[in-house]
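Structural overview for review
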Amino acid sequence: MAETATSTVAFAFEVAPAIAILPLASFVIALFAGKYLPKRGALAGITATGGSLLLSLWVMLTVAGGAYYNEEIYTLVSTPDSFDLHFGLLLDPLSALMLVIVSLVAFLVHLFSLGYMNDEGEPGLPRYYAGLGLFTFSMLSFVLSDNLFMSFVFFELVGLCSWLLIGHWYREDAPPSAAKKAFLVTRFGDYFFLVGVVAIFATFGTATFAGAESFPTLAEEALAGSGGAGGELPTFGLSAQGWFTVLGLLVLGGVLGKSAQFPLHTWLPDAMEGPTPVSALIHAATMVAAGVYLVARMYGFYALSPTALAIVAFVGGFTALFAASMAVVKRDVKQVLAYSTISQYGYMMLGLGAGGYVAAVFHLMTHAFFKALLFLGAGAVIIAMHHRQDMWEMGGLKNKLPVTYYTFLAGSLALAGIVPFAGFWSKDEVLYEALVHGLNDPLLLAAYLMGLTAVFFTGFYTFRMVLLTFHGEPRTHTARNPHSLGWSVKTPLVVLGILATVIGLANMTPIAEATGLEIEFLHTWLEHGLEGVNSEHYGEVLETVAGYSAAELSPLLAAVFSLSLALAGAGLAYRLYSGDRPEHHTDRLGAAKRLLTDNYYQDEYQVWIAQTLGTGVARASDRFDQGVVDGVVNGVSSVSLFSGDRVRRVQTGIVSNYATLLTLGLVALLVGVGLAGGWFL
Amino acid sequence: MVAVQYYLLLSAAIFCIGLFGILTRRNALFFLMSVELMLNAANINLVAFSFQYGNLTGQVFSLFITALAAAEVAVGIGIVLVLYRNFGDVDVTKATTLRW
C-alpha cells in the first residue's frame, strides 16, 4: 500500500511539467492550425488549460499529502567550478496554490473568450489564442521555477505575451502605443532584476530558491555567522546585510515594474486597451501577480533585510492609497478596475513588507479570483453595451443582466472588503499584520495608515462603479437595449462569483481568534513545505534577523475598524451616485478632479525624464559610438590602406629590380651570418 | 697540381661576371647567357672539390647541372620568344604589366 502511494506521488511530480507543456501545445496548434479549426484555436486552449487545471489540482492534493519536489530537470549551461544555469521544478504549497489559481483563471478566461472574441466576430483569433496559450505556458513555468534564472526567463516571456496581447488590435492607434509603453516600463524594472540575478549568482554561486544550497539559506548562514558554505561571501565592500539589501532592492525593481507599483505603475491603466479577457487574465489576476509571487517565493531572502522589507511595505502602502485615489474619478469602467488592481497589489506588497507572508499570499489568491471576476463582469457589460466602456452611458443594467449584476456585485463586495466576501478576510489580515508590526516601527505604521485610508477610497470607487453601471435609470439608448449574453460568458462569471464569495472562508483569522477554532486553513497550508521555505521559518527569521515583533492586538478590533471605513466609503458612494443624475458629483472635486483625472501628471513627468535624460544619454552614447568606437575601426582601416598603398610600390614588375633585391638580400644574409659566426675576426 | 684556391677564385670571378650581367643588362638573351655563366661557375666549384678530394660525385653532379642548364635554356628561349611577340622587344624592363 505504501509503495503504491509513493509511486503515485512520484508519478504526479513526473507529469508536473505537463502543466506548463499543455498550454505550449495549444499555442503551437492555435498558431499554425488555428485558421482551419472550427473555433480558431479556442477549443485547443480550453482543453489545454482544463488539463493544466486538473493536473494542478492533482499536484495540490499530492503536496497536501506532505510530499514536495525540488529537482533540476534540464541543465542549460554548467561550469565545473562556479555556477550552472538550469531549469527545474519546485513544487511546494506556495507554487501548488499559485498553479491552481493561474490555471483556473486561464481556463475560465479561455471560456469567456468564446463569448467575447469569437461571437463578436473579432479578426485575428488564431493570433489571440496563440498569445493566450503562450502566456499561460510562460506564467505556469514561472510559477514552477526552482531558481531565479528560470524565473527571470519566464518573467520576460510573460512580458512579451503581455505586449502581444495588449497590441492585439494593432490597426488602431491606442493599442500598439499602450503595448509599447507596457513593454518599456516593465523592461525598465526588469533591467534592475537582471542585474540583481547576476549579482546573486556572483555572490552565492547559485540562484535556487529552496534547499540547503539555496541562496536564502546561504545568506541566512552568512548572517548567523555559523561559517559553513555561506561564511565567506563576497559582499563588495558592504556589510553582509547591507549587500543583501542591495540585492533584494535590485530584484524589487522587476517586481515594481511587473506588479505595477509606484512609480512604475503607469503602464497598467494603458494596458486596458487590450481585449477585456486579456485584462482579466494578464493585467489583473496572474501576470501582475508575478512580481508579488516572486517576493513571496524568495521571502526567506527578503526577511533577512529589514530595510528592504520596510521599502516594500512603504511602496505598497503608498501605491494602495495613490492608485485608489485616482480610481475615484475615472469614467471608463476598465480604468477604475485598472487602478483598483494597482491599489490591491499595493496591499499585497504592504502585507509582504510588514511580515504578513500568509496574509499577502491570501490576498493574492482572493484578489486573483475577485478581480478576474470583475474584469470578466466588465467584459460582459461591454458586450452588452456594444463595446462602450464609458460608465456615464450605462446605468440601470441590473434588471437586464441579472447574472452579471449579482456576480459583479459579489466581486465588488469582495473588492471593497465587506464581510463575509473574500476580500474582507484577506485585506483585513494584511492590514492587521501591518498594524501589529507597525506599532513598533513608525515606517510600517505610516504604510499601514495609508493602506487604511485606501480602504475608504476602495469602498467609494467600487460602489460608484457598481451604481453607475447597474443602478439608476438607463442613461443612453444602448443601455436600454443591451446585447444578450451567452453561456460561455455566464459560466466563468458564476464560477468566479461563487469563489469570490466563499474563498475567504479559507482563512478567517478574526473568527479563529475570537472562537479559538482551528479554521486558518491557509496558515496551516503554508506552514508546511520544504525546510526553509515555509511560513513558520519565515516567521522565525523575521523575528531573529529582521527584528520584527508583533504587538498584542485583537484582530477583531482592526477588522471592525477597516470594515466601518469600507462601509463609510460605500455609503458615501450610495448617497452621491444612486440618483438619476450622478454626473455632476465628480465635478464638485474641482481642481482635485483635474489632478486625479490626469493621474497626478505621472505620465508627463516620466515622458519628460525619458525625453531629457534618455535623449541626453542616447546622444552621448551615439557620440561615443560614432567617435570612439567607429573612430578606432576606421583608423585601423585607413592606416592599413595608406601603408599598403605605399608598400606596394616595391613591386615594380621589373625583373632587374627583383634580381638586385635578391642579391642584396643574399649579401646581407652572408654578412649577417659572417658577423655572427665570427669570420671577420 | 694547381691549388684549389685558384679554381675557387676563377669560379667566383665567373659568377660575379654573370651576376653583373644580370644586374646591368636589359636584354633577355644576355640574361640567359649570364645565367649560363653563373651555373658554370658552380660547376667549376664542384669539379674543383671533386678533384681535390678524389671523389667523383662532384663531377657527376656537374654533368647533371649541364643537362639542367640545357633544359633551362630551352625554356628560357621560349620565354624570350613569347616576350618578343607580346612586347615587340626583348627588353625585360618593358614587361611590367603583371604588377599592381
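Everything numeric in this text was worked out from a predicted model, so none of it was measured.

Rules and cut-offs
Sequence order as written defines the numbering, with residues in each chain counted from 1. Chain A is the first chain written and ligand 1 is the first ligand written, with later ones labelled in order. Where local features are concerned, this predicted model is filtered to residues with pLDDT of at least 70; where side-chain atom pairs are given and counted, the filter is 80 or more; whole-chain, interface and lining totals use all residues. Labels follow the DSSP assignment, with helices taken as runs of H or I lasting at least four residues and strands as runs of E lasting at least two, numbered in each case from the N terminus. Each residue is classed by its C-beta neighbour count within 10 Å, where at least 20 other C-beta atoms makes it buried, 12 or fewer makes it exposed, and intermediate counts make it partly exposed; the C-beta atoms are placed from backbone geometry. Remark: residues whose backbone-derived C-beta atoms lie within 7 Å of one another are considered to be in contact. Only Asp, Glu, Lys and Arg are considered charged in this grouping, and only Ala, Val, Leu, Ile, Met, Phe, Trp, Tyr, Cys and Pro are considered nonpolar; every other residue, Gly among them, is considered polar. For two strands to be treated as a pair, DSSP must find at least two bridges joining them. Any nonpolar core is a set of buried residues, restricted to Ala, Val, Leu, Ile, Met, Phe, Trp, Tyr and Cys, that join up through C-beta atoms within 7 Å. Helix span, expected: 1.5 Å multiplied by one less than the number of residues in the helix. Values of bend correspond, residue by residue, to the angle between axes fitted over the seven residues ending at that residue and the seven starting there. Axes here mean lines fitted to C-alpha atoms, for a helix over just the part in contact, with angles spanning 0 to 180 degrees between N-to-C directions. For classification purposes, an angle smaller than 35 degrees is called roughly parallel, one larger than 145 roughly antiparallel, one from 65 to 115 roughly perpendicular, and anything else oblique. pLDDT runs from 0 to 100 and stands for how confident the predictor is about each residue. Crossing handedness: left-handed means the near helix sits turned counterclockwise from the far one by under a right angle, and right-handed means the same turn made clockwise.

1. Quick word on the overall build of chain B
- When its secondary structure is counted, chain B shows three helices and zero strands.
- Its helices and strands in sequence order give chain B the pattern α-α-α, from N to C terminus.
- With the C-alpha coordinates of chain B rotated into their principal frame, the extents come out at 50 × 25 × 25 Å.
- Classification of the 100 residues of chain B by burial places 11% in the buried group.
- Contacts in chain B between residues at least 24 apart in sequence constitute 46% of all its contacts with a sequence separation of at least 6.

2. Focus on the overall build of chain A
- The secondary structure content of chain A amounts to 29 helices and two strands.
- Considering only contacts in chain A between residues 6 or more positions apart, those separated by 24 or more positions represent 80%.

3. Some points on unusual backbone geometry
Residue and element names in this part refer to chain A.
- Residue P263 follows F262 across a cis peptide bond; omega there is 5°.
- For P263, the location among the structural elements is in the loop between α9 (240-258) and α10 (267-270).
- For the bond from V419 to P420, the omega torsion is 0°, close enough to zero to count as cis.
- Positive phi is not limited to glycine here, since Y600 has a value of about 55°.
- With respect to the helices, strands and loops of the structure, Y600 is situated in the loop between α27 (591-597) and α28 (602-647).
- By C-beta crowding, Y600 is classed as partly exposed, having 14 other C-beta atoms within 10 Å.
- Although it is not a glycine, Y601 sits at a positive phi angle of roughly 55°.
- With respect to the helices, strands and loops of the structure, Y601 is situated in the loop between α27 and α28.

4. Description of the interface of chain B and chain A
- Opposite the nine residues of chain B that make contact, chain A presents 10 residues.
- In terms of residue class, the side of chain B that touches chain A is made up of six nonpolar, two polar and one charged.

5. Some details on the pairing of strand β2 (residues 84-91) of chain A
All names here are of chain A.
- Here strand β1 (residues 69-78) runs beside β2; their pairing, made up of eight bridges, is antiparallel. Its bridge partner lying in β2, V77 is registered against L85.
- The hairpin turn running from β1 into β2, its antiparallel successor, is five residues long.

6. Structural notes on the nonpolar core
Residue and element names in this part refer to chain A.
- Counting residues in hydrophobic clusters, the biggest one holds 233 residues, and the most contacted among them are V105, V292, V312, A372 and A500.
- With 22 residues, helix α16 (residues 357-384) is the largest single contributor of residues to this core.
- Not counting residues within four places of it along the chain, the set of residues in contact with V105 comprises L281, A285, T286, A368 and A372.

7. Notes on the environment of R388 of chain A
Residues and elements named next belong to chain A.
- One can find R388 in the loop between α16 and α17 (402-416).
- Expressed as a C-alpha distance, the spacing of R388 and V333, which sit 55 residues apart in the sequence, is 9.6 Å.
- When sequence neighbours within four positions are dropped, the list of residues in contact with R388 reads E393 and T478.

8. Points about α16 of chain A
Residue and element names in this part refer to chain A.
- Given a rise of 1.5 Å per residue, 28 residues ought to cover 40 Å, and the 40 Å separating the end C-alpha atoms of α16 matches this to within 8%.
- Its maximal kink placed at H367, α16 deviates by approximately 25°.
- Counting buried positions along α16 yields 28 of 28 residues, so the element is predominantly enclosed.
- One or two steps after α16, the chain reaches H386, where phi turns positive at roughly 55°.

9. A few points about the packing of helix α12 (residues 289-297) of chain A against helix α15 (residues 333-353) of chain A
Residue and element names in this part refer to chain A.
- Two elements in contact, α12 and α15, have axes separated by 10 Å at closest approach and are oriented at 10°. In terms of their interaxial angle, α12 and α15 are classed as roughly parallel. Residues V292, V295 and A296 of α12 pack against Y345, M348, M349 and L352 of α15.
- Of the residues in the contact of α12 with α15, the class split is seven nonpolar, no polar and no charged.

10. Points about helix α11 (residues 276-285) of chain A
- The buried fraction of α11 of chain A amounts to 10 of the 10 residues, a majority that puts the element mostly inside the structure.
- All of the buried residues along α11 of chain A are T276, P277, V278, S279, A280, L281, I282, H283, A284 and A285 of chain A.

11. Topic: the environment of V545 of chain A
Residue and element names in this part refer to chain A.
- Mapped onto the elements, V545 comes out in the loop between α24 (535-544) and α25 (555-577).
- Linking V545 and A303, residues 242 residues apart in sequence, is a C-alpha distance of 7.6 Å.
- Contacts of V545, omitting those with residues within four sequence positions, involve L223, A303 and L304.

12. Examining the environment of A271 of chain A
- Summarising the element assignment, A271 of chain A is placed in the loop between α10 and α11.
- Along the primary structure A271 of chain A and N440 of chain A are separated by 169 residues, whereas in three dimensions their C-alpha atoms are 39 Å apart.

13. A short note on the confidence of the model for chain B
- Overall, the predicted model of chain B reaches an average pLDDT of 91, with 99% of residues at or above 70.
- For this predicted complex, the interface score ipTM comes out at 0.87, alongside a pTM of 0.79.

14. Let's talk about the packing of α17 of chain A against helix α21 (residues 487-502) of chain A
All names here are of chain A.
- Two elements in contact, α17 and α21, have axes separated by 9 Å at closest approach and are oriented at 35°. In this structure, α17 crosses over α21, and the sense of that crossing is left-handed. Where α17 approaches α21, its residues V403, T404, Y406, T407, A410, G411 and A414 are matched on the opposing element by K490, L493, V494, L496, G497, A500 and T501.
- A class-by-class count of the residues in the contact of α17 with α21 yields eight nonpolar, five polar and one charged.

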